[in-house]
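Each chain, letter by letter, is given below.
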Amino acid sequence: MERTEIYLVSVKEWIHCLQISAAVYSKAGREVFLINPDSLNEDLESLALLGKRLPVDMFDCTGDPALKLALENKEGLSFKG
């Protein structure tokens, strides 16, 4: 099964979100996962389930140091960049 690249983007920075999404979707095999810092626990659980079920490489594009720390500390998630 082919690996999918998942780019994590925060909904708090909507202009940045649009820019990253346009770049991500310009190439096949890449997807955007929108992270809402207000519902972070639910989003982290969803990402962990996704990582268990599919071969994915995740990239943090949130630009938020606190969010990055939470993502890095979530068991079951691994990041390429």
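This is a predicted model, so every value here is computed, not measured.

1. What to know about the pairing of strand β1 (residues 4–10)
Alright, step 1. Most of β1 sits inside the fold, with five of its seven residues counted as buried.
Alright, step 2. Across five bridges, the pairing between β1 and strand β3 (residues 56–60) is parallel. Within the sheet, the bridge partner assigned to Y7 lies in β3 and is F59.
Alright, step 3. With six bridges connecting them, β1 and strand β2 (residues 30–35) associate as parallel partners. Residue pairing for β2: Y7 is matched across the bridge by V32.
Alright, step 4. For the segment spanning β1, helix α1 (residues 14–24) and β2, crossover handedness is right-handed.

2. A short note on the sheet that holds β3
Alright, step 1. If you walk across this open sheet you meet the three strands as β2-β1-β3, and the pairing is parallel. One side of each edge strand has no neighbouring strand; the edge strands of this open sheet are β2 and β3. Within the sheet, the average angular offset between the axes of one strand and its neighbour, ignoring direction, is 30 degrees.
Alright, step 2. Sitting on the sheet, α1 is in contact with β1 and β2, with an inclination near 160 degrees to β2.
Alright, step 3. Helix α2 (residues 40–53) contacts β1, β2 and β3 of the sheet and is inclined by roughly 155 degrees relative to β2.

3. Let's talk about the environment of K68
Alright, step 1. Structurally, the position occupied by K68 is in helix α3 (residues 65–73).
Alright, step 2. Residue class for K68 comes out partly exposed when judged on its relative accessible area of 39%.
Alright, step 3. For the pair K68 and V56, spaced 12 residues apart in sequence, the C-alpha separation works out to 18 Å.

4. Concerning a nonpolar patch on the surface
Alright, step 1. A grouping of W14, I15 and L18 is seen on the molecular surface, where their side chains present a nonpolar patch of about 370 Å² in accessible area.
Alright, step 2. Note on placement: L18 falls in helix α1.

Here is what the cut-offs are and how they apply
- Residues numbered from 1 in each chain as written.
- Predicted model: local features only at pLDDT ≥ 70, side-chain atom pairs only at ≥ 80, totals over all residues.
- Heavy atoms only, no water.
- Buried < 20%, exposed > 50% of the residue type's maximum accessible area, 1.4 Å probe, protein only.
- Helix = DSSP H or I, 4+ residues; strand = E, 2+ residues; numbered from the N terminus.
- Pairing = 2+ DSSP bridges.
- Right-handed = clockwise from strand over helix to strand, strands pointing away.
- Axes fitted to C-alpha atoms, helices over the stretch in contact; angles between N-to-C directions.
- Contact = heavy atoms within 4.5 Å.
- Patch = residues over 30% accessible without salt bridge, like charges linked within 9 Å, V, L, I, M, F, W, Y side chains within 5 Å.
- Areas by Shrake-Rupley, 256 points an atom, 1.4 Å probe, with all protein chains shown as cover.
- Salt bridge = Lys/Arg side-chain N within 4 Å of Asp/Glu carboxyl O.

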